[in-house]
Number of protein chains: 2
Amino acid sequence: METRELRYFVAVAEELHFGRAAQRLGIAQPPLSRAIGGLERRLGALLLERGSRGVTLTAAGEVLLREARAALDAVEAAERRTRRAALTAAGHPTVILAAKAGASGELLAKLLDAYAAEPGAVAVDVLLCGPGEQAGVLRDGRADVALLHRPFDDLAGFDTEDLHTEGQVAVLPAGHPLATRPHLRLAEVTDIPDLPLPRWPRPDGTFPNGPGPKVRDHTQLTQLIALGRACAIVPEAIRTSLHEGLTAVPVPDSPRVTTVIAWPPHSRSTAVAGLVRAATAL
Amino acid sequence: METRELRYFVAVAEELHFGRAAQRLGIAQPPLSRAIGGLERRLGALLLERGSRGVTLTAAGEVLLREARAALDAVEAAERRTRRAALTAAGHPTVILAAKAGASGELLAKLLDAYAAEPGAVAVDVLLCGPGEQAGVLRDGRADVALLHRPFDDLAGFDTEDLHTEGQVAVLPAGHPLATRPHLRLAEVTDIPDLPLPRWPRPDGTFPNGPGPKVRDHTQLTQLIALGRACAIVPEAIRTSLHEGLTAVPVPDSPRVTTVIAWPPHSRSTAVAGLVRAATAL
DNA sequence: GGGCGGCGATACCGCCCGGGTATCACTCCT
DNA sequence: AGGAGTGATACCCGGGCGGTATCGCCGCCC
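One structure accompanies this document, and this report is about it.

### Digging into the overall build of chain A
No. 1: Assigned secondary structure in chain A consists of nine helices and ten strands.
No. 2: In terms of its C-alpha atoms, chain A occupies a principal-axis envelope of roughly 65 × 55 × 25 Å.
No. 3: Out of the 282 residues in chain A, the part that is buried amounts to 46%.
No. 4: Total accessible area on chain A stands at roughly 13700 Å², and carbon and sulfur atoms take up 53% of it.
No. 5: Chain A carries 31 positive and 32 negative side-chain charges, and their two centres are separated by 6 Å.

### Notes on the interface of chain A and chain B
No. 1: Taken together, the 37 residues of chain A in the interface contact 36 residues of chain B.
No. 2: The junction of chain A with chain B conceals about 3000 Å² of combined surface from both sides, 65% of it contributed by carbon and sulfur atoms.
No. 3: Looking at the side of chain A facing chain B, the largest losses of area belong to Met1(A), Glu67(A) and Thr82(A), adding up to 19% of the total buried there.
No. 4: For the interface between chain A and chain B, the tally reads four salt bridges.
No. 5: For Arg7(B), the salt bridge is made with Glu2(A), and the minimal N-O distance between the two is 3.0 Å.
No. 6: Inspection of the region where chain A meets chain B yields 16 residue pairs in polar contact (both at pLDDT 80 or more).
No. 7: Ranked by residue count, the leading element in the side of chain A that touches chain B is helix H4 (residues 59-89) of chain A, at 20 residues.
No. 8: For the side of chain A that touches chain B, the residue count by class is 21 nonpolar, five polar and eleven charged.

### A few points about the protein's contact with DNA strand D
No. 1: Looking at DNA strand D, there are 18 residues lining it, with Tyr8(A), Ala28(A), Arg34(A), Ser33(B) and Arg50(B) nearest.
No. 2: In DNA strand D, atoms within 4 Å of the protein come 68% from sugar and phosphate.
No. 3: Between Ala28(A) and DNA strand D, the recorded distance is 2.7 Å, taken from a backbone N or O atom to a phosphate oxygen.
No. 4: Here a base nitrogen of DNA strand D and a side-chain polar atom of Gln29(B) are 2.9 Å apart.
No. 5: Residue composition of the surface near DNA strand D, by class: eight nonpolar, seven polar and three charged.

### Notes on the relation of the copies chain A and chain B
No. 1: Structural alignment of chain A on chain B gives an RMSD of 0.2 Å, achieved by rotating through 180° and translating 0.0 Å along the axis. The superposition of one copy onto the other is thereby described by a two-fold rotation axis. Looking at the rotation axis and the C-alpha trace of chain A, the residue lying nearest is Gly157(A), at 2.0 Å.
No. 2: Most of the interface of chain A is mirrored in chain B, where 97% of its interface residues again form contacts.

### Focus: the sheet that holds strand S9 (residues 246-251) of chain A
All names here are of chain A.
No. 1: Read across the sheet, three strands follow the order S8-S7-S9 without closing on themselves; strand pairing throughout is antiparallel. This sheet does not close on itself; its edge strands, each paired only once, are strand S8 (232-235) and S9. Within the sheet, the average angular offset between the axes of one strand and its neighbour, ignoring direction, is 40°.

The rules behind each value
- Residues numbered from 1 in each chain as written.
- Chains lettered and ligands numbered in written order.
- Predicted model: local features only at pLDDT ≥ 70, side-chain atom pairs only at ≥ 80, totals over all residues.
- Heavy atoms only, no water.
- Helix = DSSP H or I, 4+ residues; strand = E, 2+ residues; numbered from the N terminus.
- Buried < 20%, exposed > 50% of the residue type's maximum accessible area, 1.4 Å probe, protein only.
- Areas by Shrake-Rupley, 256 points an atom, 1.4 Å probe, with all protein chains shown as cover.
- Lys, Arg positive; Asp, Glu negative; His and termini not counted.
- Charge placed at Lys NZ, Arg CZ, Asp CG, Glu CD.
- Contact = heavy atoms within 4.5 Å.
- Buried area = accessible area lost by both parts, 1.4 Å probe.
- Salt bridge = Lys/Arg side-chain N within 4 Å of Asp/Glu carboxyl O.
- Polar contact = N/O pair within 3.5 Å; in protein donor to acceptor, adjacent residues only side chain to side chain.
- Nonpolar A, V, L, I, M, F, W, Y, C, P; charged D, E, K, R; others polar.
- Near = heavy atom within 4 Å.
- Least-squares fit on C-alpha atoms with pLDDT ≥ 70 in both.
- Pairing = 2+ DSSP bridges.
- Axes fitted to C-alpha atoms, helices over the stretch in contact; angles between N-to-C directions.

Just distances and angles here, no functional claims.
In structure tokens:
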């Protein structure tokens, strides 16, 4: 199988429409139909169910979509990492660290300081991501190492080291009746009728159904909370960067959050190793 | 990057010789040279150092070799798993379990029994591998789930559950002076001058340098020990299948071995989930 | 119910690119 | 100096990929 075929299939599987997929790929529809047809013939499997109203995925198609995404990420990672290795060899060593925007700010600063103090430390580019983007960024080679948060982020397929575990707090508008309580139970927070929990995007960019407002980053979130339109449960490290007008109340029975440092399992980079060493020694 | 290019590069990187690589790929040498040249041009990186006596890998080439192997495994896995998903949908559900030939025999039997007793259990094909082959078999989709042994096997990139931990024993010819000892220290076993430890193949099929005989599986190993040409340190579970003429002596200070069940991180197969459940419940 | 619009498949064509053969350029080694 | 070995280059050919035109099929709707 060629990556071209995989890219074509992923496009069709995501659009569920040959015409739109062809447009997205920048080719005409007929060669796309033929490519998918050939793929199905060689695999001996029907991947798409053609109805008169667009197409749907078969079970085999679902499997191929998942696997093809992983394979294409691996191919892209190969390309990116090779390019970066060439730059490193040419005397511009750099390591790209992915971190969630608005989270672990203090830990991140300490880590960068600690690593910079090591002998042989190289320049660290920090790549700030929206929630949930980091695993993908690490998988497809845009980053070399990442700070992730269990149990929120998907750690599957990475090597990791735990760095820090903390409880979570509810963030409420300062004037809210519950804001003066010394602590809250999880069920109390999820049930506030006028302050729904926000909805975060899934990895594919769509949002789950529900009452809460859609948010993509912590800025939107804090703004919505300050406006009295939502509340949220976040790791307590957020407290150090809490705006005015917001109050954090501990939620002892919420799941504890662990910050981990993660890297692709076959990384041989000394810079990544150095960052991991610095992180675990914090 | 197309998989064709990756396959070409891996062939050259492994053979370190354009002519032989071309032969292995079933093409002529000139198109191979051109393909690699084009790859280097597009990546903007020199991958191979051309000397008059064959070629050597640059640092970027080393990176691409590692990444390309991973990417090609992912592509192959996509192909295999899709084929198997189509068969499953067509009413032939099967799950392929990889196990090291000659190890964990008893555990494997118990696992198969326990899983078969579950409601909805499907047929399990057992794929017996040589030592070190299993991770690759799982990575490229030839197997769905595997029994591996920490710290021997490379668990990087898989989800795992620990099943069982055991000590190791030294296997000696029955008549050997040390065979009557109640236990041995690790240093004593590695230093027996007339019974060297054997050499196992690396993942790429080559052997490390050293005095011991080359072995590829446990049959060869037991035979060599029975002939008085080697000794070995193996998990104590081997005792249940020890031939006559061989003696096992505990080595308390050798590293303990954990049998784990491993599966690709994004597996959605209910059969794999069932096997893992049965295994952890043992 | 027949025309129409939307969608995917098919037919056919042209061109680029991947592969083949022949040959060159360079470097060791004798 | 000559020859063997190795990778690069020159040149040609054919298959495959992509393009346009069109068909077949199914809903829909006036």
